[in-house]
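# Structure at a glance
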Amino acid sequence: MYIYKAAVLGAGIMGAEIAQVITYSGLPVILKDVNDEAVQKGIAKVRKIYQERVDKGKMTSTEMEQKLALISGVTTFNDFGDVDIVIEAVPEDMKIKQKVFQELEKACPETTIFASNTSALSITEMASATKKPDKVIGMHFFNPAHKMKLVEVIPGLTTSQETVEDVVAFTESLRKIAVRVQECAGFLVNRLLMPYLNEAVLAVQEGAATAKEIDDALLAFGMPMGPFALADMLGLDTAERVAQILYNAYGPRMAPAQLLTEVVKAKRFGTKTGAGFYNYEKESDDTLNKLIEKAQKQTGVKGTTFSVDRLISILINEAVICLQENVSSAGDIDIAMMAGTGFPQDKGGPLHYADQIGLDTVLSTLEKYAKELGFRFWPAPMLKRMVAGGLLGVKTKRGFFNY
């Protein structure tokens, strides 16, 4: 099915940016929210994105107005009778999302695809509230949506193959990279990113290094942002919520760092509140040090050591677990991490990087950290089998990829 008209529910930052992406591709889009003030704020966000392009000489004012004319701001479902796809970007609450889809069923044609921009909630559970679960799918854009190229396409257990193919084609028509991901808690990118971010927080919590020292080390590794600058930008309240979802799904190996919980309790959510792991308003602030001391007293752990491979090895291990669970292909895992998190392109993504340094090296690193820091580093069974079978990566011409 070709998409001729789209709608976006929720005119917040993500909803507005998704609407902008759709108009940029030349398609008309309805942007809906509960009141006109929210709708106009969303349209203003779209205008700002386009104005930045005009200011840089990437488009003319006339072209900008033509794109803006493709957006219709509404507060009701009256104009949804001919939309081919609806992307919801409402708050991350299952009941809210299910209610929204039930309301949409009354206003949209039977053929309309219902897509959710959720970053972690179950697509199958969402679909269960509708009469057409085959038409419900995950379409997870990354922040900022107008710049980030990746979109995770997540079928639920009841999603039809036709819906998957339609959404992949639609995503590619938006000039985005579509990566198919089997439904699981956290999907793909967040499932790999959270252990990496959480390990960085644990390192600071345990006095292994400061946030700035860790950020500088990961920048030197090739990441576009350090883990703490990234976490502060994403929002620590959001990160902690995703961490809890992963912990509930996968158990103790995904347990959130105590310091992350303490920082969120202190209402330090990152850049949006002026303070997170960094302080963006005052020159000096001892709050974080006090929270670290509190976390150390609660856990009884301090004095561990930090190195870049402490963070990268746990990320690689989760990538291998996702591969053995068929969450996504090896190639798509690497593409997703490069496009979605900025994993260094010269290293080719976590699985290509593992092949480069040697899977035996990765295994020994994980085993070392498992002894020192705990079972969250326990190596994936697939990694152990590959090393035992001599599939060590580039040096043996076969690992996760063939060389």
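Relevant structure appears above.
Since we're looking at a predicted model, the values are computed, not measured.

For the rest of this paragraph, the subject is the overall build of the chain. Helix and strand counts for the chain come out as 17 helices and 8 strands. The C-alpha atoms of the chain give 22 Å as radius of gyration, which agrees with the globular expectation for 403 residues (22 Å, within 12%). Principal-axis analysis of the C-alpha atoms gives the chain an extent of 60 × 55 × 45 Å. The buried share of the chain, taken over its 403 residues, is 55%. For the chain, the accessible area works out to roughly 17500 Å², and carbon and sulfur atoms hold 52% of it. Taking the 45 positively charged and 49 negatively charged side chains of the chain as two groups, their mean positions are separated by 2 Å.

Once that is clear, we can look at the environment of Ala-217. Turning to its location among the elements, Ala-217 is positioned in helix 8 (residues 211-221). Judged by relative accessible area, Ala-217 falls into the partly exposed class, the value being 21%. Separated by 89 residues in sequence, Ala-217 and Phe-306 have C-alpha atoms that sit 9.9 Å apart.

We now examine the packing of aromatic side chains. Taken as a whole and assessed by the stated rule, the structure comprises 9 aromatic pairs. For the ring pair Tyr-2 and Tyr-4, a centre distance of 4.8 Å and an interplane angle of 65° mean the geometry is edge-to-face. Overall, Tyr-2 belongs to the exposed group, its relative accessible area being 54%. The exposure class of Tyr-4 is exposed, given its relative accessible area of 57%. Seen from their ring centres, Phe-221 and Phe-343 are 6.0 Å apart, and the 80° between their planes marks the pair as edge-to-face. In this pair, Phe-221 sits in helix 8 while Phe-343 sits in the loop between helix 14 (330-341) and helix 15 (350-357), placing the two residues 122 residues apart along the sequence. The same class applies to Phe-221 as to Phe-343, namely buried. A network of ring pairs unites the aromatic residues Phe-221, Phe-343 and Tyr-353 as a single cluster. Over the ring of Phe-77 we find Lys-32, and its NZ or CZ is 4.6 Å from the ring centre. Sitting above the plane of the Tyr-369 ring, Lys-368 keeps its charged end 4.0 Å from the centroid.

Its location among the elements puts Ala-257 in the loop between helix 10 (236-250) and helix 11 (258-265). Along the chain, Ala-257 and Gln-205 lie 52 residues apart, while their C-alpha atoms are 7.9 Å from each other. Ignoring sequence-local partners within four residues, the contact set of Ala-257 consists of Asn-198, Val-201, Leu-202 and Gln-205.

Bringing the packing of helix 2 (residues 36-55) against helix 3 (residues 61-68) into the picture now. Contact geometry of helix 2 with helix 3 gives a least axis separation of 10 Å together with a crossing angle of 160°. By the angle between their axes, helix 2 is roughly antiparallel relative to helix 3. Seen along the crossing, helix 2 lies across helix 3 with a hand that is right-handed. Contact residues: Val-46, Arg-47, Tyr-50, Gln-51 and Val-54 in helix 2; Ser-61, Met-64, Glu-65, Lys-67 and Leu-68 in helix 3. Classifying every residue of the contact of helix 2 with helix 3 by side-chain character gives 5 nonpolar, 2 polar and 3 charged.

A separate point is the packing of helix 16 (residues 359-373) against helix 17 (residues 381-388). At a minimum axis distance of 9 Å, the contact between helix 16 and helix 17 shows a crossing angle of 130°. On the basis of the axis angle, helix 16 is oblique to helix 17. The handedness of the crossing between helix 16 and helix 17 comes out as left-handed. On helix 17, the residues that touch Leu-359, Asp-360, Val-362, Leu-363 and Leu-366 of helix 16 are Leu-383, Lys-384, Met-386 and Val-387. Its residues assigned to classes, the contact of helix 16 with helix 17 comprises 7 nonpolar, no polar and 2 charged.

Here the focus is the side chain of Ser-313. Along the polypeptide, Ser-313 turns up in helix 13 (residues 308-324). Residue classification places Ser-313 among the buried residues on the basis of a relative accessible area of 5%.

Below, the discussion takes up the pairing of strand 2 (residues 29-32). Along strand 2, one buried face is formed by Val-29 and Leu-31 and the opposite face, lined by Ile-30 and Lys-32, is buried too. Across 4 bridges, strand 1 (residues 6-9) lies against strand 2 in parallel orientation. When the bridges of strand 2 are listed, Val-8 appears paired with Leu-31. Handedness of the β-α-β unit built from strand 1, helix 1 (residues 13-24) and strand 2 comes out right-handed. As paired strands, strand 2 and strand 3 (residues 71-74) are joined by 4 bridges and run parallel to one another. Residue pairing for strand 3: Val-29 is matched across the bridge by Ile-71.

The rules we used
Residues numbered from 1 in each chain as written. Predicted model: local features only at pLDDT ≥ 70, side-chain atom pairs only at ≥ 80, totals over all residues. Heavy atoms only, no water. Helix = DSSP H or I, 4+ residues; strand = E, 2+ residues; numbered from the N terminus. Rg over C-alpha atoms; globule rule 2.2 N^0.38 Å. Buried < 20%, exposed > 50% of the residue type's maximum accessible area, 1.4 Å probe, protein only. Areas by Shrake-Rupley, 256 points an atom, 1.4 Å probe, with all protein chains shown as cover. Lys, Arg positive; Asp, Glu negative; His and termini not counted. Charge placed at Lys NZ, Arg CZ, Asp CG, Glu CD. Phe/Tyr/Trp six-rings, centres within 6.5 Å; stacked < 30°, edge-to-face > 60°. Lys NZ or Arg CZ within 6 Å of the ring centre and 35° of its normal. Contact = heavy atoms within 4.5 Å. Axes fitted to C-alpha atoms, helices over the stretch in contact; angles between N-to-C directions. Parallel < 35°, antiparallel > 145°, perpendicular 65-115°, else oblique. Left-handed = near helix turned anticlockwise from the far one by under 90°. Nonpolar A, V, L, I, M, F, W, Y, C, P; charged D, E, K, R; others polar. Pairing = 2+ DSSP bridges. Right-handed = clockwise from strand over helix to strand, strands pointing away.

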